[in-house]
Number of protein chains: 2
Amino acid sequence: MSAARLIALDWGSTRLRAFLLGDGGQVLETRQSNDGAATLSGAEAYARALADLVGDWRADRPQLKLLACGMVGSQYGWREAPYVRCPADAVALASQTLLLDERLSIIPGLVDDAAQPDVMRGEETQIVGALALHPELADESCLVLPGTHSKWARVSGGKVTGFATHMTGELFALLRQHSVLNRLMPSDGSSPASPEAFLKGVDAAQQDGGLAHQLFAVRTLGLFKQLSAEQLPDYLSGLLIGHEIASELRGVTPGRIALVGDPALCARYAQALAHLGQPQPLLLDNTAPAGLWRLALTMNLI
Amino acid sequence: MSAARLIALDWGSTRLRAFLLGDGGQVLETRQSNDGAATLSGAEAYARALADLVGDWRADRPQLKLLACGMVGSQYGWREAPYVRCPADAVALASQTLLLDERLSIIPGLVDDAAQPDVMRGEETQIVGALALHPELADESCLVLPGTHSKWARVSGGKVTGFATHMTGELFALLRQHSVLNRLMPSDGSSPASPEAFLKGVDAAQQDGGLAHQLFAVRTLGLFKQLSAEQLPDYLSGLLIGHEIASELRGVTPGRIALVGDPALCARYAQALAHLGQPQPLLLDNTAPAGLWRLALTMNLI
């Protein structure tokens, strides 16, 4: 086993993930806790959450640096890291890293302010990781990071030239749990997947009429038994993901598409893209550790 | 004071409104309670809610008929009334009224199943009322009933030829109360109206990018102080109403537009329509009593 070289922290809203990285960015050990930034308030709470998860790593290896990305650097986080403006690459991110103390640094977020401002924190690091693992994406590509707030980032000449956030995952959760649409759906959330209903939703999203209108069909298709209760969540998912994809691909040739993140969710996007005639996308799991390693190298931290 | 001729009931999800109508449909007395259909379960609960609100009207005038519209006739209501298919007019609705007992009848809902099915219950009666009050709308018009589930109905030759539901009001409430967008907004909901922020939202909705993307700007415009916390709810309202209007008017000449319902909400729609260059719409308050009167006449109930 190689010696540890870096403690990499992917510190998002809901979870803190820690990676002990060895030579070449190899992941030696992984831990995670539910001490996400949304659950913490004040510097002491962050310091305690970090000590709880990796206090022993730090104590055993006092020479090791820590590098963090994500909502830990938001204005409600441990301390606010800046936003770097697009177009930006790993060098631009590394140059504006926030030094929290002599051992721990926080990667800045990205802002695209070409039109109305759009922001990311954490995904910029995953993008750096994806480009490090797949240099062929650097020339011209579209990196999609599905989730609560999905990100579509355009990469050209090794830089993120712009991006857009879609509140797809959050809308799904709100509508699934709190809206009138929930009444006809199974309550336990354990229904078997229905690819047929999902693709029916993807198709509906390509029609005119607007999302707020099309959502009502989740109710009426249930009411008139054209879809079963178990199929309705998949139809809703297809509608929302279908809208996201349609609005991003409208009139645009995206270059190579890469999907980065949770494999089950990325598989849904891949299925929708294939259904809409797009070429097979590249599928990548969490690339935050690779991104943090690349940024640490760029910063001469290791 | 003229003699009472009909007890008209506008019985929606959240409220029961009762109107004692005299000659010519004149409203003699109005009462309302919070016994909406969403709060009631089973025939006895409905009968009790009705007795609580207008038991004395019924007892004092045993010859008077009662005519109801709205969610009271849904499959979770007192008893299920049918859906009449578009195109439909007052005669079609009257002919399929559900006789609950010898005194009380329930108006059917409407279904538009030209594409995916869309439904209404209660609004069909408001439309009949609007056409009774303004016969000039019967030829060619677009009746908009803003609300939790806004309806856009096309009227031609005196019939409702088709309609679409938009979940605009429900999305506003969900996003205002439960989403990440709520965090930057004032919590008490008493902020002064900002027509400027509202119209900025209406404008943003006319751009490309998709609703789920544009919603995220509510967060970033707050984050970067381009809008104040107090302005964000109005911006969100403008975005959602702007999307609804844009998707309904895309490539369509709507004929005369009439807005029917809550005056404050209709005023928002009128402001957005004027901003988008539409002619001044007709503004109507609740037309359910006029609709129930017209339907009672059509049924020879009075």
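Treat the numbers as computed from the prediction; the structure is a model and nothing was measured.

Q: Lay out the sheet that holds strand β14 (residues 282-284) of chain A in plain terms, naming residues and giving numbers.
A: Pairing between the strands of a sheet comes from backbone hydrogen bonds, and it takes one of two forms, parallel or antiparallel. Residues and elements named next belong to chain A. As summarised here, the arrangement of the 5 strands in space is β12-β11-β10-β13-β14, forming an open sheet in which the pairing is mixed. Only two strands of the sheet have a single partner each, and these edge strands are β12 (159-166) and β14. Adjacent strand axes in the sheet meet at a mean angle of 20°, parallel and antiparallel pairs treated alike. The strands touched by helix α9 (residues 263-275) are β10 (140-145), β11 (150-156), β13 (256-260) and β14; relative to β13, the strand with the most contacts, the crossing angle is about 155°.

Q: Lay out the layout of surface pockets in plain terms, naming residues and giving numbers.
A: Estimates place the volume of the largest pocket at around 1,400 Å³. If you go around the largest pocket, you meet 43 residues; those closest to its centre are B:Gly12, B:Ser13, B:Met71, B:Glu123 and B:Thr148. Only α7 (216-223) of chain A together with β9 (118-120), α3 (123-133) and α9 (263-275) of chain B provide two or more residues apiece to the lining of the largest pocket. Residue contributions to the lining of the largest pocket peak at 3 residues, all from α7(A). Within the lining of the largest pocket, the residues separate by chemical class into 17 nonpolar, 14 polar and 12 charged. By volume, the second largest pocket amounts to about 1,200 Å³. The wall of the second largest pocket is formed by 40 residues, among which A:Gly12, A:Ser13, A:Thr14, A:Glu123 and A:Thr148 lie closest to the centre. Counting residues per element, the ones that place at least two in the lining of the second largest pocket are β1 (4-11), β9 (118-120) and α3 (123-133) of chain A together with α7 (216-223) of chain B.

Q: Describe empty space enclosed by the protein, naming the residues involved and giving the relevant values.
A: In this structure the tally under the stated criterion is 1 cavity of 30 Å³ or more. If you add up the space inside the largest cavity, you get close to 80 Å³. Taken together, A:Gly210, A:Leu211, A:Ala212, A:His213, B:His166, B:Thr168, B:Leu211, B:Leu240, B:His243, B:Glu244 and B:Ser247 make up the lining of the largest cavity. Broken down by element, the lining of the largest cavity gets its largest block of residues, 4 residues, from helix α8 (residues 232-249) of chain B. Across the lining of the largest cavity, the residue classes tally to 4 nonpolar, 6 polar and 1 charged.

Q: How would you sum up the side chain of A:Asp234? Please name residues and give values.
A: Structurally, A:Asp234 can be placed in helix α8 (residues 232-249). Here A:Asp234 is in contact with A:Pro192, A:Ala193, A:Ser194, A:Ala197, A:Phe198 and A:Arg268, once residues within four sequence places are set aside.

Q: So what about the interface of chain A and chain B? Which residues, and what values?
A: Each partner contributes residues to the interface: chain A has 42 residues there, and chain B has 42 residues. Taken over both partners, the interface formed by chain A and chain B buries close to 3,600 Å², and the fraction arising from carbon and sulfur atoms is 69%. The largest share of the area that chain A buries against chain B comes from A:Pro117, A:Met167 and A:Phe216, three residues that together contribute 17% of it. Run the count over chain A and chain B and you get 0 salt bridges. Scanning the region where chain A abuts chain B turns up 12 residue pairs in polar contact (both at pLDDT 80 or more). When residues of the side of chain A that touches chain B are traced back to their parent elements, those giving at least two are β9, β12, α4 (168-178), α6 (211-214), α7 and α8 of chain A. Among the residues making up the side of chain A that touches chain B, the classes are represented as 24 nonpolar, 14 polar and 4 charged.

Q: Describe the relation of the copies chain A and chain B, with residues and values.
A: Between chain A and chain B, the superposition needs a rotation of 180° and an axial shift of 0.0 Å, giving an RMSD of 0.0 Å. On this basis, the relationship between the two copies can be described by a two-fold rotation axis. Of the residues that chain A buries at the interface, 100% are likewise interface residues in chain B, meaning the two copies contact each other through the same surface.

Q: For the environment of B:His149, give the residues involved together with the corresponding values.
A: Its place among the elements puts B:His149 in the loop between β10 (140-145) and β11 (150-156). Through-space distance from the C-alpha of B:His149 to that of B:Ile107 is 19 Å; in sequence the pair is 42 residues apart. With residues near it in sequence (within four places) discarded, B:His149 still touches A:Val180, A:Phe216, B:Glu123, B:Thr165, B:His166, B:Met167 and B:Glu170. Side-chain polar atoms of B:His149 contact the side chain of B:Glu170, separated by 2.7 Å.

Q: Tell me about the side chain of B:Arg154, residues and numbers included.
A: All names here are of chain B. Residue placement: Arg154 occurs in strand β11. There is a polar contact of 2.7 Å between the side chain of Arg154 and the side chain of Glu248. Sequence-distant contacts of Arg154, defined by excluding residues within four places in its chain, comprise Ser141, Cys142, Lys159, Val160, Thr161, Gly162, Glu248, Val252 and Pro254.

Rules used in this analysis
- Residues numbered from 1 in each chain as written.
- Chains lettered and ligands numbered in written order.
- Predicted model: local features only at pLDDT ≥ 70, side-chain atom pairs only at ≥ 80, totals over all residues.
- Heavy atoms only, no water.
- Pairing = 2+ DSSP bridges.
- Helix = DSSP H or I, 4+ residues; strand = E, 2+ residues; numbered from the N terminus.
- Axes fitted to C-alpha atoms, helices over the stretch in contact; angles between N-to-C directions.
- Contact = heavy atoms within 4.5 Å.
- 1 Å grid on protein atoms, 1.4 Å probe; cavity = no way out; pocket = protein on both sides within 12 Å on 5 of 7 lines; lining within 4 Å.
- Points joined across faces, edges and corners; volume = space filled by probe spheres on them.
- Nonpolar A, V, L, I, M, F, W, Y, C, P; charged D, E, K, R; others polar.
- Buried area = accessible area lost by both parts, 1.4 Å probe.
- Salt bridge = Lys/Arg side-chain N within 4 Å of Asp/Glu carboxyl O.
- Polar contact = N/O pair within 3.5 Å; in protein donor to acceptor, adjacent residues only side chain to side chain.
- Least-squares fit on C-alpha atoms with pLDDT ≥ 70 in both.

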